[in-house]
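Next come the chains, spelled out residue by residue.
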Amino acid sequence: MQTVSSWKSFGGTLSVHEHDSVLCRCPMQFAVYTPPGLAGGGPQDDSRGDVHGDPRDAPLRPSTGTVPVIWYLSGLTCNWSNVMEKSGLQRIAARLGVMVVAPDTSPRGDAVPDDEAYDLGQGAGFYLSATQAPWSTHYQMDRYIVEELSELVFSRFPGDPERQGIMGHSMGGHGALTLHLKHPRTYRSVSALSPIAAPMQVPWGEKAFTSYLGDEQSEWAAYDACELVRKQPSAAGILVDTGDADPFLDEQLRPSLFIQACEAAGQSLNYRMQPGYDHSYWFIASFIEDHLEHHAATLLE
């Protein structure tokens, strides 16, 4: 792993890193915000045995102490930079004393399959493990996050693996809900902003699932929050925000279907419709403080 960039922010450190992913078979980037009081700069590069003065190469892991970790999964066309540059999360994470990790949304590179449309291919990994060619060689995003990136992060940063939460926006909200419902003991808290809540029943999800997983809808159910919550509701309280001015609300997000599924399953859900808000990062910046506090209430108890 190498540190690409590092900046001090609200007393903590925002750093960007790259590593060669075994599961995705390409270089992958991710960003980490580490709150103040632990260490500064990026972790030590494994290719060198010592540090030569550059603060970006100083080890992040302190001698003692760990902090809760909140994973943020971004939406279609995005990467780590969208939430780290537009949401203002650093101020809140610094105050709460939590670490935020932002993975990329898909494998990338000239050798990685892509599509001309924005909702398939690079930038649109849908947080699943593809089984269909040509996608299956590289598109293993759920395993990448849960297994490979998690192991890397907890070996090099001061995060506490026993105190993890997960959240996301749009496609990333879909990813956060499904990963939590499949791994509730790993991701103890969960929230979503404008999630694709019923991907099996909307155009974005139908297109992605058909391409990545094939035509058999029984394979799709493992990546649909509505189907998962019906079978295995979690003990966590789920927070979901959407805006009533979101142009994707009725066709692509369909939160009403997730609300119905949660009610039928007895799943605790705090669903909030925010008047006048759309699908943009202005919406996310307006409510991300509520979401980080929602996670902190569980992870800091």
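Look up: the structure comes first, before these words.
Residues numbered from 1 in each chain as written. Predicted model: local features only at pLDDT ≥ 70, side-chain atom pairs only at ≥ 80, totals over all residues. Heavy atoms only, no water.

Let's shift gears to the nonpolar core. Counting residues in hydrophobic clusters, the biggest one holds 65 residues, and the most contacted among them are F30, W71, F126, I145, F209, Y212 and F258. Tallying contributions element by element places helix α3 (residues 141-156) first for this core, with 7 residues. When near neighbours in sequence (up to four residues on either side) are disregarded, Y212 contacts L120, G121, A124, G125, F126, L128, A130, T131, Q132, W135 and Y139. Residues A94, V98, L193 and I288 belong to the second largest nonpolar core, which totals 27 residues. (Core = buried A, V, L, I, M, F, W, Y, C linked by side-chain atoms within 4.5 Å. Buried < 20%, exposed > 50% of the residue type's maximum accessible area, 1.4 Å probe, protein only. Helix = DSSP H or I, 4+ residues; strand = E, 2+ residues; numbered from the N terminus. Contact = heavy atoms within 4.5 Å.)

With 19 residues, helix α10 (residues 281-299) should reach 27 Å at 1.5 Å per residue; the first-to-last C-alpha distance of 25 Å fits that figure. Of the residues making up α10, those classed as buried are Y281, F283, I284, F287, I288, H291, L292, H295, A296 and L299. N-capping of α10 is provided by S280, with a side-chain oxygen placed 3.2 Å from the backbone N of W282. (Expected span 1.5 Å × (residues − 1). Polar contact = N/O pair within 3.5 Å; in protein donor to acceptor, adjacent residues only side chain to side chain.)

Glancing now at the pairing of strand β5 (residues 99-103). With respect to burial, β5 is a largely interior element, 5 of its 5 residues being buried. On β5, burial covers both faces: M99, V101 and P103 on one face and V100 and A102 on the other are all buried. Both strand β3 (residues 26-34) and β5 contribute to a ladder of 4 bridges, which runs antiparallel. Within β5, the position partnered with F30 by the bridge is P103. Pairing of strand β4 (residues 67-73) with β5, which is carried by 3 bridges, proceeds in the parallel orientation. By the bridge assignment, I70 is partnered in β5 with V100. (Pairing = 2+ DSSP bridges.)

The next subject is the pattern of salt bridges. A pair can form between side chains of opposite charge whenever their charged atoms are brought close. Following the criterion strictly, the structure yields 11 salt bridges and no others. The salt bridge involving E147 is made with R143; its shortest N-O contact spans 3.4 Å. With E147 and R143 both in helix α3 and 4 residues apart, the pair spans about one turn of that helix. Judged by its relative accessible area of 41%, E147 falls in the partly exposed class. Note that R163 is salt-bridged to D160, the shortest N-O span being 2.8 Å. Among the residues examined, D160 registers a relative accessible area of 14% and is labelled buried. Salt bridges linked by common partners bring R91, R95, E289 and E293 together as one network. (Salt bridge = Lys/Arg side-chain N within 4 Å of Asp/Glu carboxyl O.)

Turning our attention to the sheet that holds strand β9 (residues 269-274). An order of β1-β2-β3-β5-β4-β6-β7-β8-β9 is seen for the 9 strands of this open sheet, with the pairing classed as mixed. Each edge of the open sheet carries a strand with a single partner, namely β1 (2-9) and β9. For this sheet, the mean inter-axis angle between neighbouring strands, taken without regard to orientation, is 20°. In terms of strand pairing, β4 meets strand β6 (residues 159-169) through 6 bridges, oriented parallel. Considered in β6, the bridge of V69 is made with Q164. Strands in contact with helix α4 (residues 171-182) are β4, β6, β7 (187-193) and β8 (238-243); relative to β6, the strand with the most contacts, it is inclined by about 140°. Across the sheet, helix α9 (residues 255-265) is in contact with β8 and β9; its angle to β9 comes to roughly 155°. (Axes fitted to C-alpha atoms, helices over the stretch in contact; angles between N-to-C directions.)

Right, let's get into α3. An α-helical turn contains 3.6 residues, so a residue and the one three or four places further along point in the same direction. Residue L149 marks the point of greatest curvature in α3, where the axis turns by about 40°. Listed in full, the buried residues belonging to α3 are M141, D142, Y144, I145, E148, L149, S150, L152, V153, F154 and R156. (Bend = angle between axes of the 7 residues up to and from the residue.)

Attention shifts here to the packing of aromatic side chains. Counting across every chain of the model gives 10 aromatic pairs. Ring geometry for F30 versus F157: centroids 6.3 Å apart, planes at 75°, classification edge-to-face. Taken together, the positions of F30 in strand β3 and F157 in the loop between α3 and β6 put the pair 127 residues apart, joining distant regions of the chain. For F157, a relative accessible area of 0% translates into the label buried. Between F126 and F209 the ring centres are 6.4 Å apart and the planes differ by 75°, which places this aromatic pair in the edge-to-face class. (Phe/Tyr/Trp six-rings, centres within 6.5 Å; stacked < 30°, edge-to-face > 60°.)

Among the secondary structure elements, H174 is positioned in helix α4. When the C-alpha positions of H174 and I145 are compared, they lie 14 Å apart, and in sequence the two are 29 residues distant. The contact partners of H174, leaving out residues within four places of it in the chain, are F126, P195, I196, P199, F209 and Y223.

This paragraph deals with the environment of D224. Residue position: D224 is located in the loop between α6 (217-220) and α7 (225-231). For D224, a relative accessible area of 1% puts it in the buried group. Separated by 56 residues in sequence, D224 and S280 place their C-alpha atoms 23 Å apart. Excluding anything up to four places from it in sequence, D224 contacts T178, A197, A198, P199 and M200. Of the polar contacts made by the side chain of D224, one reaches the backbone nitrogen of C226; its length is 2.8 Å.

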